[in-house]
Amino acid sequence: MKNILVVNAGSSSIKFQIIQMPQEKVLTNASIEKIGEIDSIFKMKTPELNIKNIFPVKSHEDALNYFLQQLIENKVLNDLSEINVCGHRIAHGGEYFRDSVIIDSDVSDKIEKLCQLAPLHNKVNLSCYQILNVLLKDIIHVAVFDTSFHQDISKEIYTYAIPYKYYEKYNIRKYGFHGTSHKYVSLITSEILGAKNSEKIIVCHLGNGASISAIKNGVCINTSMGLSPLGGIIMGTRSGNLDPSIIEFIMNNDDKSIEDVLSILNKESGLLGISSKSNDMRELLNSTDKQSVLAINMYCRKVSDYIGAYFMHLGGLDAIVFTAGVGENSAYIREKIISNIKEATNTIIDNDLNENGSKDRIISSKESNVKVLVISTNEEVMIAKDSYRLSLI
Ligand code: ADP
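Now for a quick tour of the structure. (Residues numbered from 1 in each chain as written. Predicted model: local features only at pLDDT ≥ 70, side-chain atom pairs only at ≥ 80, totals over all residues. Heavy atoms only, no water.)

## What about the site of the ligand?
The immediate surroundings of the ligand are formed by G207, N208, G209, D280, M281, R282, L285, A324, G325, V326, N329 and S330. Between the ligand and D280, the relevant distance is 3.2 Å, taken from an oxygen atom to a side-chain nitrogen or oxygen of the residue. G325 is positioned with one of its backbone polar atoms (N or O) 2.9 Å from an oxygen atom of the ligand. Within the complex, 65% of the 570 Å² of free accessible area of the ligand lies under protein. Listed by contribution, the elements that provide at least two residues to the shell around the ligand are helix 10 (281–285) and helix 12 (324–329). Per-class residue counts for the shell around the ligand are 4 nonpolar, 6 polar and 2 charged. (Near = heavy atom within 4 Å. Polar contact = N/O pair within 3.5 Å; in protein donor to acceptor, adjacent residues only side chain to side chain. Areas by Shrake-Rupley, 256 points an atom, 1.4 Å probe, with all protein chains shown as cover. Helix = DSSP H or I, 4+ residues; strand = E, 2+ residues; numbered from the N terminus. Nonpolar A, V, L, I, M, F, W, Y, C, P; charged D, E, K, R; others polar.)

## Remarks on unusual backbone geometry
Going from M21 to P22, the amide bond is cis rather than trans, its omega being 10 degrees. As for its position among the elements, P22 is in the loop between strand 2 (14–21) and strand 3 (25–33). Here the phi dihedral of D138 falls at roughly 60 degrees; this positive angle occurs in a residue that is not glycine. Judged by its relative accessible area of 83%, D138 is exposed. For H178, which is not glycine, the phi dihedral falls at a positive 60 degrees. (Buried < 20%, exposed > 50% of the residue type's maximum accessible area, 1.4 Å probe, protein only.)

## Side note on the packing of aromatic side chains
Summed over all chains, the structure comprises 9 aromatic pairs. With a centroid separation of 3.8 Å and 5 degrees between ring planes, the pair formed by F16 and F67 is classed as stacked. Of this pair, F16 sits in strand 2 while F67 sits in helix 1 (residues 60–73); the two residues are 51 residues apart in sequence, bridging distant segments of the chain. Geometrically, the ring pair formed by F55 and Y66 is tilted, given 4.7 Å between the ring centres and 55 degrees between the ring planes. Note that F55 is positioned in strand 5 (residues 50–55) and Y66 in helix 1, a separation of 11 residues in sequence. Each member of the aromatic cluster is reached from another via a ring pair, and the members are F42, F55 and Y66. Sitting above the plane of the Y158 ring, R173 keeps its charged end 3.6 Å from the centroid. (Phe/Tyr/Trp six-rings, centres within 6.5 Å; stacked < 30°, edge-to-face > 60°. Lys NZ or Arg CZ within 6 Å of the ring centre and 35° of its normal.)

## A short note on the sheet that holds strand 2
Here 8 strands make up an open sheet; going across it, the order is 5-4-3-2-1-6-8-7 and the pairing mixed. This sheet does not close on itself; its edge strands, each paired only once, are strand 5 and strand 7 (101–102). Pairing of strand 7 with strand 8 (residues 140–145), which is carried by 2 bridges, proceeds in the antiparallel orientation. Its bridge partner lying in strand 8, V101 is registered against A143. Packed on one face of the sheet, helix 1 meets strand 1 (2–9), strand 2, strand 3, strand 4 (40–45) and strand 5 and runs near 40 degrees to strand 2. Across the sheet, helix 15 (residues 379–391) is in contact with strand 1, strand 2, strand 6 (85–90), strand 7 and strand 8; its angle to strand 1 comes to roughly 130 degrees. (Pairing = 2+ DSSP bridges. Contact = heavy atoms within 4.5 Å. Axes fitted to C-alpha atoms, helices over the stretch in contact; angles between N-to-C directions.)

## Section: the environment of L120
Considering the arrangement of structural elements, one finds L120 in helix 3 (residues 119–135). In this structure L120 comes out as exposed when scored by relative accessible area, which is 59%. Along the chain, L120 and E48 lie 72 residues apart, while their C-alpha atoms are 36 Å from each other.

Here is the structure:
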């Protein structure tokens, strides 16, 4: 048995879990949000405790120190030496990493080099590793990359139709993200349906960030995000794919810099941009104004367009799987997406199963040609599984 500390660091927040492996028992689930502000929020849950403290946390280093101290103070662990392995979610593994790896100086140099492709995220991921490598002595640290599950995608899919020198010089290509979630959800699908009935699946990870993957016999062959998480389908605040000439048009006509336009495409577009109301699907679903309806219709149409394209690429389809915030919680959105492809694919949702039932379940009817499932994603458990696997080698 090993205790795995799972660390998922973002630019202003860190999420933690301690998971006992191989039994996948979560000892605690904690987070620190709004790092760098005066009202940072620390939360920690255990089966016995539910803590929320608001106070200033200056830096990621302070956040990590505070979390480790709280682990002992709240008796989650008796001593930090009870942490056996630390698994880090790392945003970008570039072309270096096809799988999770134990971090050594070579791996850490490569993660640093990849800051060019994911400046904000890789930098903060790496610094959390460096700090914890000092605080937690003599343990293995494992890097689990958001990109590595997509590294089997073929050249004809990952190459952009721009001068090839940009790939050769700067590695500009499709990488894809949310790989840990796509991998986890595809593994659970295979457990539920059996390997023979889950050879060709499409996973729709529909959260605030959203992406779709085509998975054949457990291997990802296509995914919607690209060089960065800005590409692909419509998201909460991201535009997804669009005609690149729009960038120049907005710059010239609205007197914006390239940084302004990229910020608009990342933070003010998607559901928020179309509705002018919210990036939160719940708010749009509760609203009847025509821009909210348009945003929902465009969102569902884009997802079903990708399902259609990936159906062709897979050469058939055994299952469509919905996961993440919107995918797991909105029966309405699932039904609407499937209704767009119903005629072409004879995929039929069972309304009762769609609206009610346990967390992970089949929601298609018996007559449906394609199975439809809802599965709760769990990136932390996937990180713990990989960390545990590598710690045994
Ligand atoms: P991320 O990890 O990308 O930040 P999540 O997977 O947590 O996002 O998904 C968050 C989104 O899920 C919210 O913005 C909200 O739009 C959506 N969501 C959560 N619950 C529901 C619900 N009951 N119905 C519709 N959408 C929901």
